[in-house]
Amino acid sequence: MIKAAGLLLIFSALTLTGFYFGERSRKKLYEMKRADDLLTEIINGVEEQRLSVNMIFDLIKNKTDEETSAFLNGVQTLIKKMSIEKLKECSLKTDFCHDEECIDALFHSFSVFGRISAEEQVSEIKACREKIRKHYADSEADIKERIKICRTLGVISGFCTVIILI
Amino acid sequence: MKSIDHILEKIGDEAGETLGKIDKNILNEATEIKYIVNNPLEICKKNISSYFTKNGKKAPYEVCEKLDIPYIEAVFYSICDYSVHTYIRSICEGFVTIEGGSRAGFCGTAVYDENKIINLKNISSINIRIAKEMKGISEKIFSEIGTDRKSVLLVGPPCSGKTTMLRDMARVLGENGNHVSVVDERNEIAGTYNGTPAFNLGKGTSVLNMYSKCDGIISAVRSLDPDFIVCDEFGSEQDLEASLYALKSGADIIASIHAFDRDELIKKPFFKSVIEHSIFDYFVFLNKDYRVTEIVKQGDLI
């Protein structure tokens, strides 16, 4: 009985590890989507209401998740003198986004945000958003494949370990 | 909080640090702060300029560090709250109003679309005109002409305090129970920031902010039933027509105009019409020291 419980535990642990790594890969996609959504909100704030940078950030913070809100707090302090290193540090620290390409696109967006005319900003930020979307599309198939592999490996390794132990 | 404190709060980074290091007495008396590319930081008190190093020390022009484009851009972005798109209309008009009523005027490269400025790029100079509220400066005028219904034209050269005088006149007239409407075409009289005037313009004074004088005067007459309409920089045919409409509707006009003296005023092209239609009862002449030099009745002008 104890042996069976132990085997079940080992099987579950290895399967869950596989699922965990799978979910970590899925998080990358989620972060890209989050960066895309952030830029969309910024575009709307600039294009439709011509709100100031701080007002746009405050509006987004009111309706977004904890990570985005913390990230925007950090960006607000950086907006006067933005650098890619500082933005990257802020993004990693707040767990907003870990993807290099996304951070690059965000950096470019924040470099023009509030500094040029609304039309120019919107076109620049839209171009950055397109980059993120393309990167998402390119990564999506890979990541989905990776999720499947991680899960399958988790189940198989759990199953094999159990058989070996039996 | 004084206008200068709002400016100090607004301008950030290196430029803000420099301003912060300058003797507060100098800043309190300053009328303009100028940032011009390849020139040092300049602070004017009336028409006397002083130059400052980046450490906030007063020094001869040649000794002071010259300002570069990134420095001026940093000031520009600070003034615009790092939100150029929000202020673009104002920037295209050439200025942005800072909280406290001061105005930052910009020069740069204009971008046109169909004969209209749609953007200003490569900002190369910024001139901050520090708004001043000088309560009581219109005392001399009112002691001579009284506060009952009369139209007055303030005449003076640039920096003679015409707007400051208008502000005080609006306040006094408002305090005396008159309905006053201020048509603030360039947001100079009231210094409105986020909808709230920075200055005391008297009890119950309404501010028509950023209206053209013509539209503002007509709107005021139609909707506010004013005793007095106060406006700055009078001088076009449309202003004249709108004023006639206001006078016919029972409102008096308190306005200002650029002119160094009586001769220059008389030579102005629209002046004949002003006299012809008896728009103003009094002409008040100001000098560069914010002083009233002459108060002339309409009939005595020519």
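In what follows, the structure referred to is the one given above.
Cut-offs used in this document
Residues numbered from 1 in each chain as written. Chains lettered and ligands numbered in written order. Predicted model: local features only at pLDDT ≥ 70, side-chain atom pairs only at ≥ 80, totals over all residues. Heavy atoms only, no water. Pairing = 2+ DSSP bridges. Helix = DSSP H or I, 4+ residues; strand = E, 2+ residues; numbered from the N terminus. Contact = heavy atoms within 4.5 Å. Buried area = accessible area lost by both parts, 1.4 Å probe. Salt bridge = Lys/Arg side-chain N within 4 Å of Asp/Glu carboxyl O. Polar contact = N/O pair within 3.5 Å; in protein donor to acceptor, adjacent residues only side chain to side chain. Phe/Tyr/Trp six-rings, centres within 6.5 Å; stacked < 30°, edge-to-face > 60°. Buried < 20%, exposed > 50% of the residue type's maximum accessible area, 1.4 Å probe, protein only. Lys NZ or Arg CZ within 6 Å of the ring centre and 35° of its normal. Patch = residues over 30% accessible without salt bridge, like charges linked within 9 Å, V, L, I, M, F, W, Y side chains within 5 Å. Areas by Shrake-Rupley, 256 points an atom, 1.4 Å probe, with all protein chains shown as cover. Axes fitted to C-alpha atoms, helices over the stretch in contact; angles between N-to-C directions. Parallel < 35°, antiparallel > 145°, perpendicular 65-115°, else oblique. Left-handed = near helix turned anticlockwise from the far one by under 90°. Nonpolar A, V, L, I, M, F, W, Y, C, P; charged D, E, K, R; others polar. Expected span 1.5 Å × (residues − 1).

J.: So, the pairing of strand β1 (residues 32–36) of chain B: which residues are in play, and what are the values?
T.: Residue and element names in this part refer to chain B. Of the strand pairs in this sheet, β1 and strand β2 (residues 41–45) are connected by 3 bridges, and their pairing is antiparallel. Counterpart to E32 in the pairing with β2 is C44. Linking β1 back to β2 in an antiparallel pair, the connection comprises 4 residues, with N38 at a positive phi of about 65 degrees. In this sheet, strand β7 (residues 116–129) lies alongside β1 in antiparallel orientation, the contact comprising 5 bridges. By the bridge assignment, I36 is partnered in β7 with S125.

J.: A description of the interface of chain B and chain A should follow, citing residues and the corresponding values.
T.: Each side of the interface is counted separately: chain B has 10 residues, and chain A has 16 residues. A buried area of about 1,100 Å², summed over both sides, lies between chain B and chain A, and 54% of it is on carbon and sulfur atoms. Considering only the side of chain B, the residues that lose the most area to chain A are B:Y77, B:Y82 and B:H85, jointly responsible for 54% of the buried surface there. Connecting chain B to chain A are 1 salt bridge. In this structure, the salt-bridge partner of B:K121 is A:E120, at a minimum N-O distance of 2.6 Å. The interface formed by chain B and chain A contains 9 residue pairs in polar contact (both at pLDDT 80 or more).

J.: Any details on the packing of aromatic side chains? Residues and values, ideally.
T.: Counted according to the given criterion, the structure contains 13 aromatic pairs over all chains. Relative to B:Y71, the ring of B:Y35 lies with its centre 6.3 Å away and its plane at 40 degrees, an arrangement referred to as tilted. Highlighted residues: B:Y35 in strand β1 and B:Y71 in helix α4 (residues 69–79), separated in sequence by 36 residues. A relative accessible area of 0% places B:Y35 in the buried class. Given a relative accessible area of 5%, B:Y71 falls into the buried group. Feature note: the residues A:F57, A:F71, A:F96, A:F110 and A:F113 constitute an aromatic cluster, connected by ring pairs. One residue, B:K66, lies across the ring of B:Y61, its end atom 4.9 Å from the ring centre. When the ring centre of B:F95 is taken as reference, the NZ or CZ atom of B:R103 above it lies at 4.1 Å.

J.: Tell me about the pairing of β2(B), and name the residues and values.
T.: All names here are of chain B. Within β2, 4 of the 5 residues are buried, which leaves the element mostly enclosed by the surrounding structure. Of the pairings in the sheet, the one linking β2 to strand β3 (residues 48–52) comprises 5 bridges and is antiparallel in character. Bridge assignment links E42 to a residue of β3, and that residue is Y51. Between β2 and β3, which pair antiparallel and follow one another directly, the connecting turn spans 2 residues, one of which, K46, has a positive phi of 55 degrees.

J.: Explain the side chain of A:E31 residue by residue, including any values.
T.: Residues and elements named next belong to chain A. With respect to the helices, strands and loops of the structure, E31 is situated in helix α1 (residues 2–47). Within polar-contact distance, the side chain of E31 engages the backbone nitrogen of H98 at 2.9 Å. Contact partners of E31, with chain neighbours within four places excluded, come to D95, F96, C97, H98 and D99.

J.: If you had to explain a nonpolar patch on the surface to someone new, which residues and values would you point to?
T.: There is a patch of nonpolar side chains on the surface, built from A:L16, A:F19 and A:V155 and spanning about 250 Å² of accessible area. As for its position among the elements, A:V155 is in helix α6 (residues 118–165).

J.: Now, about the packing of α1(A) against helix α2 (residues 53–62) of chain A: what can you tell me, with residues and values included?
T.: Residues and elements named next belong to chain A. Their axes nearest at 10 Å, the elements α1 and α2 cross at an angle of 130 degrees. Considering the angle they form, α1 stands oblique to α2. In the crossing of α1 with α2, the sense of the turn from one axis to the other is right-handed. Where α1 approaches α2, its residues L38, E41, I42, G45 and V46 are matched on the opposing element by I56, F57 and I60. Of the residues belonging to the contact of α1 with α2, the class tally is 6 nonpolar, 1 polar and 1 charged.

J.: I'd love a proper account of unusual backbone geometry, names of residues and values included.
T.: Residues and elements named next belong to chain B. Even without glycine at this site, N38 takes up a positive phi of about 65 degrees. Among the structural elements, N38 can be located in the loop between β1 and β2. Among the residues examined, N38 registers a relative accessible area of 55% and is labelled exposed. Backbone geometry at Y82 places phi at a positive 55 degrees, although glycine is not the residue there. Relative to the elements of secondary structure, Y82 occurs in the loop between α4 and α5 (88–93). In this structure Y82 comes out as buried when scored by relative accessible area, which is 8%.

J.: Tell me about helix α5 (residues 100–112) of chain A, residues and numbers included.
T.: Residues and elements named next belong to chain A. For α5, spanning 13 residues, the distance from its first C-alpha to its last is 19 Å, which sits close to the expected 18 Å at 1.5 Å a residue. Within α5, burial applies to C102, I103, A105, L106, S109, F110 and V112. Contacts made by the buried residues of α5 are with α1, α2, α3 (66–78), α4 (84–93) and α6. Capping of α5 at its N-terminal end is provided by D99; its side-chain oxygen lies 3.1 Å from the backbone amide nitrogen of E101. Positive phi appears at G114, one or two residues downstream of α5, with a value of about 85 degrees.

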